Amino acid sequence: MTVPTVHVQNLTKRFGDFTAVENISFHISPGEILGLLGPNGAGKTTTIQMLLGLITPTSGSIRMFGLDLDAHRETILGQVNFSSTYISMPFSLTVEENLRVVAKLYGMSDVARRIDEVVKILEMEEFRTKVTRKLSSGQMTRLALAKAILTEPKVLFLDEPTASLDPDIAHKIRGALKEVRQSTGLSILYTSHNMREMEEMSDRIIFLQRGKLVAEGTAQEIVDKFGQQDLEEVFLKLARER
Ligand SMILES: Nc1ncnc2c1ncn2[C@@H]1O[C@H](COP(=O)(O)OP(=O)(O)O)[C@@H](O)[C@H]1O
Ligand SMILES: [Mg+2]
């Protein structure tokens, strides 16, 4: 059996006596796109922050590439990247300068070639020399994604990456991410509140509700399990059970 890219076992996070994530287990296979679905406050971002080593789990284990995150933090995190709608980057630098800083932090070589590549993939030619402060929110989102794929990670955690994009650009970005996955075997954990996007992107979906994993499977399997018409209906049903 191949080693899962990400393997989470019995992961729990408590803030004081509030349990944000409760005993969840899941894996992401090499080259797999796993959708992480759930209403606001379900624990999606908390989960991603634990996977990025930004907050410490209360209990449970996280393994990536067969290594324990606690014991092999540097090795693992060098092969991981992330993006979110709410990410912020130095505003006085241009788009290109920001990407160069990221490349430097990761100790990358052949930086100019790689920046050209990423600018092309995400269609950023027209604003690559623009100061970050002056970017539209859609451009900012693309910069955040560019930062994330620039370092050629083996696994990408994307927390609502397309939330501020218009449908046309969001569609293009999804296509670009799928192409990167196709050509590099990248694994992706993806959150979004757009159910069509979830269906389009995800090989498999896990559904969190109040910190608990309540469903897992393909979009169709989840829809069938809850006896609904589509993922949107499942979402509404679970969200309203709160
Ligand atoms: N640092 C924190 N301290 C206390 N509670 C937190 C903290 N971070 C998140 N929470 C709570 O944990 C729950 C899950 O939050 P979050 O993971 O951001 O949900 P989601 O991303 O699914 O909307 C929420 O109720 C949130 O208020
Ligand atoms: Mg969140």
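Residues numbered from 1 in each chain as written. Chains lettered and ligands numbered in written order. Predicted model: local features only at pLDDT ≥ 70, side-chain atom pairs only at ≥ 80, totals over all residues. Heavy atoms only, no water.

There is a patch of like negative charges on the surface, built from Glu199, Asp230, Glu232 and Glu233. As for its placement among the helices and strands, Glu199 is situated in helix α7 (residues 195–201). Residue Glu199 is classed as partly exposed on the basis of its relative accessible area of 34%. (Patch = residues over 30% accessible without salt bridge, like charges linked within 9 Å, V, L, I, M, F, W, Y side chains within 5 Å. Areas by Shrake-Rupley, 256 points an atom, 1.4 Å probe, with all protein chains shown as cover. Salt bridge = Lys/Arg side-chain N within 4 Å of Asp/Glu carboxyl O. Lys, Arg positive; Asp, Glu negative; His and termini not counted. Charge placed at Lys NZ, Arg CZ, Asp CG, Glu CD. Helix = DSSP H or I, 4+ residues; strand = E, 2+ residues; numbered from the N terminus. Buried < 20%, exposed > 50% of the residue type's maximum accessible area, 1.4 Å probe, protein only.)

Before going further, it helps to spend a moment on unusual backbone geometry. In this structure, Asn10 takes a positive phi of about 50 degrees despite not being glycine. Turning to its location among the elements, Asn10 is positioned in strand β1 (residues 6–15). A positive phi angle, close to 45 degrees, is found at Arg210, a residue other than glycine. Following the sequence through the fold, Arg210 ends up in the loop between β9 (204–209) and β10 (212–217). Of the residues examined, Arg210 reaches a relative accessible area of 49% and is grouped as partly exposed.

So, on to the nonpolar core. Counting residues in hydrophobic clusters, the biggest one holds 50 residues, and the most contacted among them are Leu122, Leu177 and Leu231. Take this core: its biggest share by element is seven residues, from helix α5 (residues 137–150). Those residues in contact with Leu231 that sit more than four places away from it in its chain are Leu37, Met195, Met198, Glu199, Ile205, Ala219, Ile222 and Val223. Counting residues in hydrophobic clusters, the runner-up holds 25 residues, among them Val6, Val8, Leu36 and Leu69. (Core = buried A, V, L, I, M, F, W, Y, C linked by side-chain atoms within 4.5 Å. Contact = heavy atoms within 4.5 Å.)

A sheet is described by the order of its strands in space; here six strands give the open sequence β6-β7-β8-β3-β9-β10, paired in mixed fashion. Edge positions in the sheet fall to β6 (80–84) and β10, since each has one partner strand and no second. For this sheet, the mean angle separating the axes of adjacent strands, direction not counted, is 15 degrees. In the sheet, β9 pairs with β10 via five bridges, with the strands oriented antiparallel. For Gln209, the partnering residue across the bridge sits in β10 and is Lys212. Sitting on the sheet, helix α9 (residues 231–240) touches β3 (33–37), β9 and β10, and the angle it makes with β9 is about 20 degrees. (Pairing = 2+ DSSP bridges. Axes fitted to C-alpha atoms, helices over the stretch in contact; angles between N-to-C directions.)

Structural measurements only, silent on function.
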